[in-house]
Amino acid sequence: MSLEWKTSTPLHTNTIHDEAQAFFFFFFTLLLASLIAATENDLEEETATNPLIQETCRKANLNDSNVQYGFCLAALQSAPDSLCADSLRELGLISVKLVRDNITSTRCYIKYLLRDIKAGPYVRLRLDDCLDIYSDSLLAVKRIIKDYQSKRYGYANMEMSSVLDAAMACEDGFEQEEGLMSPLMKRNDNLYMLSAMALTIINMLLF
């Protein structure tokens with residue numbers, strides 16, 4: 001006669017297991033909810049937009065087709081203080097400072113390119129010309145800021161027009177040599193569009 005031994009899992013062991021699963025599920029759910037909330041907050045911060053910027057860029061685009069709405073929006077939003085701007089005058093000053101920062105950065109970049117011994121003589125000649133152009137433009141922007149802050153928008157308008165023309169003059173120099181690719185094309189384009197944006201905003205204050 002054989003004896004069969006039957007074993008059973010104690011009741012308290014099952015209870016502990018169930019409690020552990022419930023705790024793990026609760027902890028995971030809480031962690032997931034926290035991550036979703038944090039992501040939503042980050043997205044809200046990233047997409048926070050000053051309505052005045054949107055309105056200004058729409059009007060600027062209508063007044064001048066050279067001012068692309070998307071570029072205008074991205075450029076003004078890139079300035080840390082633009083989110084707090086509550087007047088067109090404040091945005092105008094921000095736009096002028098963006099022009100100044102672009103010119104300052106490009107002057108440094110041109111100097112860097114001139115240190116490249118591989119640059120051919122014609123490229124170096126054009127870079128030297130552009131360095132002079134950007135140096136003059138930087139002085140012009142400093143005058144623009146003073147005129148702007150003194151509400152002499154007419155003078156600021158004339159000076160900003162010269163900066164816009166300077167971007168084209170630099171690029172035209174490279175185009176005179178057939179087959180030569182300008183190393184400053186993107187930067188000149190950015191200066192042109194930033195200048196057009198700033199000029200349009202100045203005109204909105206002027207008229």
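Residues numbered from 1 in each chain as written. Predicted model: local features only at pLDDT ≥ 70, side-chain atom pairs only at ≥ 80, totals over all residues. Heavy atoms only, no water.

Peer 1: Lay out the nonpolar core in plain terms, naming residues and giving numbers.
Peer 2: Core analysis: the largest hydrophobic core is formed by 48 residues, its most contacted members being Val99, Met160, Val163 and Met197. Of all the secondary-structure elements, those providing two or more residues to this core are helix 2 (51-63), helix 3 (69-77), helix 4 (88-114), helix 5 (121-149), helix 6 (153-175) and helix 7 (185-206). (Core = buried A, V, L, I, M, F, W, Y, C linked by side-chain atoms within 4.5 Å. Buried < 20%, exposed > 50% of the residue type's maximum accessible area, 1.4 Å probe, protein only. Helix = DSSP H or I, 4+ residues; strand = E, 2+ residues; numbered from the N terminus.)

Peer 1: How would you summarise the pattern of salt bridges if you had to cite specific residues and measurements?
Peer 2: Taken as a whole and assessed by the stated rule, the structure comprises five salt bridges. Linking Asp101 and Arg100 is a salt bridge whose minimum nitrogen-to-oxygen distance equals 3.3 Å. The salt bridge involving Glu159 is made with Arg143; its shortest N-O contact spans 2.8 Å. Here the residue Glu159 occupies a position in helix 6, and Arg143 occupies one in helix 5, the gap between them amounting to 16 residues. Using a relative accessible area of 39% as the deciding quantity, one classes Arg143 as partly exposed. (Salt bridge = Lys/Arg side-chain N within 4 Å of Asp/Glu carboxyl O.)

Peer 1: Please provide a residue-by-residue account of the state of the cysteines, values included.
Peer 2: In a disulfide, the sulfur atoms of two cysteines are covalently bonded to one another. Taken as a whole and judged by the stated rule, the model has two disulfides. Note that Cys57 is cross-linked by a disulfide to Cys72, the S-S spacing being 2.1 Å. Across the disulfide from Cys57 to Cys72, rotation about the S-S bond amounts to roughly -80°, and the bridge is consequently left-handed. Of this pair, Cys57 sits in helix 2 while Cys72 sits in helix 3; the two residues are 15 residues apart in sequence, bridging distant segments of the chain. Here Cys57 matches Cys72 in class, with each residue buried. The connectivity of the disulfides in the protein is 1-2, 3-4, where the numbers refer to bonded cysteines in sequence order. (Disulfide = S-S within 2.5 Å.)

Peer 1: An account of the packing of aromatic side chains is needed here, citing residue identities and associated values.
Peer 2: Counted according to the given criterion, the structure contains two aromatic pairs. Summarising the aromatic geometry, the rings of Tyr109 and Tyr112 are spaced 6.2 Å apart at their centres and angled 25° between planes, so their arrangement reads as stacked. Taken together, the residues span about one helical turn, with Tyr109 and Tyr112 both in helix 4 at a distance of three residues. You can call Tyr109 partly exposed: its relative accessible area is 26%. For the pair Tyr148 and Tyr153, a centre-to-centre distance of 5.4 Å together with 65° between the ring planes defines the contact as edge-to-face. Tyr153 shares its class with Tyr148; the two are buried. Taking the ring centre of Tyr122 as reference, the NZ or CZ of Arg126 above it sits at 4.9 Å. The ring of Tyr109 carries Arg187 above its face, with NZ or CZ at 4.2 Å from the centroid. (Phe/Tyr/Trp six-rings, centres within 6.5 Å; stacked < 30°, edge-to-face > 60°. Lys NZ or Arg CZ within 6 Å of the ring centre and 35° of its normal.)

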